[in-house]
Amino acid sequence: MRSSRSVTALLAQGYRNFLDLLYPRRCPLCHRILREHHELICPDCARDIRPISGPRCYKCGKPVLEEEEYCRDCQSHPGAFDQGRGIFLYDDRMKYSIMKYKYFGCREYSRFYGKAMYLYGRDLLALWQPQMIVPVPLYWRKQKIRGFNQAELMARELSRYTGIPVNTRLLKKNHATRSQKKLDAAGRKQNLREAFQVVGNPAGKSILLIDDVYTTGSTMDVLARALLGKGASHVFFLTLCIGRNR
Ligand SMILES: [Zn+2]
Ligand SMILES: [Zn+2]
């Protein structure tokens, strides 16, 4: 006689197969249907995908030239965070992947994203030793429309692998940020400073911020400054993607 545990496991397996039939999961990079339900990415893309390697900005992790220690953004306006890294370059393939994830119902891509952040970020996490994982918050109305916070799903996956708890009650976004495109760096930061609020108590805590993409670094800088201002001991960040040095 089977134990009830294995019956439960079989039922769960059957349910997953049923779901896969109804809503086939897709590869987050080429978007083809995945054949095996344990796969998070297809074998072709698994062979092909590479995290960023080579010289990086010591502070934010953007790829830089061999002779550079810091990227241009960090040279002119170093962020308030201690250090941060992005796993993949924000190229067309990743832009498309994140677009499908955020706007076209491919929530399951978070499983691959979170695992990649863990696999390629775990050495840094061992060094940084954050005590909590904090996803960059969305304005509630935006989250309601989207149905989820893209950074939070990644944070939860990362937490499953690392055992570091996720805290979604530390930060709040009070209103949607106006379009940042026409603003200069100072305007962008002012815009963000007004939007985000520390609502929990970060005193004495080492915090890891999580987001999908790091571009200019304004968001991470503003959040780190706010958290350190309220007594956080360290602020690091990990993002799935990071832009190139400008
Ligand atoms: Zn693929
Ligand atoms: Zn940098």
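Procedures and definitions
Residues numbered from 1 in each chain as written. Chains lettered and ligands numbered in written order. Predicted model: local features only at pLDDT ≥ 70, side-chain atom pairs only at ≥ 80, totals over all residues. Heavy atoms only, no water. Patch = residues over 30% accessible without salt bridge, like charges linked within 9 Å, V, L, I, M, F, W, Y side chains within 5 Å. Areas by Shrake-Rupley, 256 points an atom, 1.4 Å probe, with all protein chains shown as cover. Salt bridge = Lys/Arg side-chain N within 4 Å of Asp/Glu carboxyl O. Helix = DSSP H or I, 4+ residues; strand = E, 2+ residues; numbered from the N terminus. Buried < 20%, exposed > 50% of the residue type's maximum accessible area, 1.4 Å probe, protein only. Pairing = 2+ DSSP bridges. Right-handed = clockwise from strand over helix to strand, strands pointing away. Polar contact = N/O pair within 3.5 Å; in protein donor to acceptor, adjacent residues only side chain to side chain. Contact = heavy atoms within 4.5 Å. Donors = N, O, S within 2.8 Å, 3.2 Å for Na, K, Ca; no water. Tetrahedral: all angles 85-135°; square planar, octahedral: opposite > 155°, others 65-115°. Core = buried A, V, L, I, M, F, W, Y, C linked by side-chain atoms within 4.5 Å. Axes fitted to C-alpha atoms, helices over the stretch in contact; angles between N-to-C directions. Parallel < 35°, antiparallel > 145°, perpendicular 65-115°, else oblique. Left-handed = near helix turned anticlockwise from the far one by under 90°. Nonpolar A, V, L, I, M, F, W, Y, C, P; charged D, E, K, R; others polar.

A.B. asks: Give me the lowdown on a nonpolar patch on the surface, citing residues and values where you can.
C.D. replies: Residues Tyr 96, Met 99, Tyr 103 and Phe 104 make up a contiguous nonpolar surface patch of about 440 Å² in total accessible area. Within the secondary structure, Met 99 is located in helix H4 (residues 92-103).

A.B. asks: Describe the pairing of strand E5 (residues 206-214), naming the residues involved and giving the relevant values.
C.D. replies: Here E5 lies mainly inside the structure; nine of its nine residues are buried. Pairing geometry for strand E2 (residues 132-135) and E5, over four bridges, is parallel. The residue bridging Met 132 from the neighbouring strand is Ile 207, located in E5. Traced from E5 through helix H9 (residues 218-229) to strand E6 (residues 234-242), the parallel crossover comes out right-handed.

A.B. asks: Describe the side chain of Glu 157, with residues and values.
C.D. replies: Tracing the backbone through its elements, the reader meets Glu 157 in helix H7 (residues 150-162). At 2.8 Å, the side chain of Glu 157 and the side chain of Arg 160 are in polar contact. Here Glu 157 is in contact with Ser 110, Arg 111 and Gly 114, once residues within four sequence places are set aside.

A.B. asks: Before we move on, can you summarise the coordination of the zinc ion (ligand 2) with the specific residues and values?
C.D. replies: Donor atoms from the polypeptide that bind the zinc ion (ligand 2) are Cys 57 (SG), Cys 60 (SG), Cys 71 (SG) and Cys 74 (SG), placed at 2.3 Å. Its four donor atoms give the zinc ion (ligand 2) angles of 103 to 117° at the centre, a pattern that matches the tetrahedral case. Sequence spacing of the donors to the zinc ion (ligand 2): C-x2-C-x10-C-x2-C.

A.B. asks: Tell me about the nonpolar core, and name the residues and values.
C.D. replies: Ranked by internal contacts, the top residues of the largest apolar core, which has 36 residues, are Phe 88, Tyr 113, Leu 158, Leu 208, Ile 210 and Leu 240. Every element with two or more residues in this core is listed here: strand E1 (83-89), H4, helix H5 (109-128), H7, E5 and E6. The leading source of residues in this core is H5, at nine residues. Not counting residues up to four positions away in its chain, the partners in contact with Leu 208 are Leu 125, Trp 128, Pro 130, Met 132, Ile 133, Val 134, Leu 158, Phe 236, Phe 237 and Leu 238. Counting 28 residues, the second largest nonpolar core, distinct from the first, contains Ile 52, Val 198, Phe 237 and Ile 242.

A.B. asks: Can you break down the coordination of the zinc ion (ligand 1) residue by residue, with the values?
C.D. replies: All of the protein donors around the zinc ion (ligand 1) are Cys 27 (SG), Cys 30 (SG), Cys 42 (SG) and Cys 45 (SG); their distances to the metal are 2.3 Å. One way to put it: the four donor atoms around the zinc ion (ligand 1) meet at angles of 104 to 115°, and that makes the site tetrahedral. In primary-sequence terms, the residues that donate to the zinc ion (ligand 1) follow C-x2-C-x11-C-x2-C. Residue Cys 42 shares its accessibility class with Cys 45, and that shared class is buried.

A.B. asks: Outline the packing of H5 against H7, supporting the account with residue identities and numerical values.
C.D. replies: Packing of H5 against H7 leaves a shortest axis separation of 8 Å and a crossing angle of 55°. Compared by their axis directions, H5 and H7 come out oblique. Two packed elements cross with a definite hand, and for H5 against H7 that hand is right-handed. In this structure, H5 contributes Ser 110, Arg 111, Tyr 113, Gly 114, Lys 115, Met 117, Tyr 118 and Leu 125 to the contact, and H7 contributes Leu 153, Met 154, Glu 157, Leu 158, Tyr 161 and Thr 162. A breakdown of the residues in the contact of H5 with H7 according to their chemical character gives eight nonpolar, three polar and three charged.

A.B. asks: Kindly report on unusual backbone geometry, identifying the contributing residues and their values.
C.D. replies: A positive phi angle is found at His 31, which is not glycine, with a value near 70°. When you line up the elements, His 31 lands in the loop between helix H1 (4-22) and helix H2 (43-48). Here His 31 falls in the buried class, since its relative accessible area comes to 11%. One non-glycine residue, Gln 129, lies in positive phi territory at about 55°. Relative to the helices and strands, Gln 129 resides in the loop between H5 and E2.

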